[in-house]
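# Fold and contact review
These are the residues of each chain, in order.
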Amino acid sequence: LPAPAESAVASSTDSTVSSHAGSETILLVEDERAVRGLTKVILERSGYHVLDAATPDEAREIFRAHADAIDRRH
């Protein structure tokens, strides 16, 4: 497929980032280190504070320690 025009990519990226920027704290649970790392970077670049865990047990410990900060709406 042909690549989209440079200006189309820039404008769609700008509107996506600005409409989805956040400041909440998210608990990210993912056992694949590479996937967890990339997801964390993407979320942090979008303004979120990310607590990450590799296992459910680790996630429970982090949740107990940071329950007041983690956004539970989703």
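For the structure, see preceding data.
A brief structural summary. (Residues numbered from 1 in each chain as written. Predicted model: local features only at pLDDT ≥ 70, side-chain atom pairs only at ≥ 80, totals over all residues. Heavy atoms only, no water.)

## Details of the overall build of the chain
- Within the chain, the regular secondary structure consists of three helices and two strands.
- The buried share of the chain, taken over its 74 residues, is 18%.
- Of all intrachain contacts in the chain linking residues separated by at least 6 positions in sequence, the fraction that spans at least 24 positions is 53%. (Helix = DSSP H or I, 4+ residues; strand = E, 2+ residues; numbered from the N terminus. Buried < 20%, exposed > 50% of the residue type's maximum accessible area, 1.4 Å probe, protein only. Contact = heavy atoms within 4.5 Å.)

## Here's the deal with the nonpolar core
- If you look at the biggest cluster of nonpolar residues, it comprises five residues: Leu51, Ala53, Ala59, Ile62 and Ile70.
- Among the elements of the structure, strand S2 (49-53) and helix H3 (56-66) are those that each provide at least two residues to this core.
- Sequence-distant contacts of alanine 59, that is, excluding residues within four places in its chain, are made with Leu27, Val29 and Ala53. (Core = buried A, V, L, I, M, F, W, Y, C linked by side-chain atoms within 4.5 Å.)

## Observations concerning the pattern of salt bridges
- Following the criterion strictly, the structure yields three salt bridges and no others.
- In this structure, lysine 40 and aspartate 52 form a salt bridge, with 3.1 Å as the shortest nitrogen-oxygen distance. Note that lysine 40 is positioned in helix H2 (residues 33-45) and aspartate 52 in strand S2, a separation of 12 residues in sequence.
- The closest approach of N and O atoms between aspartate 57 and arginine 60, which form a salt bridge, is 2.6 Å. (Salt bridge = Lys/Arg side-chain N within 4 Å of Asp/Glu carboxyl O.)

## Quick notes on the environment of alanine 21
- On the secondary structure map, alanine 21 appears in the loop between helix H1 (6-20) and strand S1 (25-29).
- Note: C-alpha distance between alanine 21 and tyrosine 48 (27 residues apart in sequence) is 7.7 Å.
- Not counting residues within four places of it along the chain, the set of residues in contact with alanine 21 comprises Ser46 and Tyr48.

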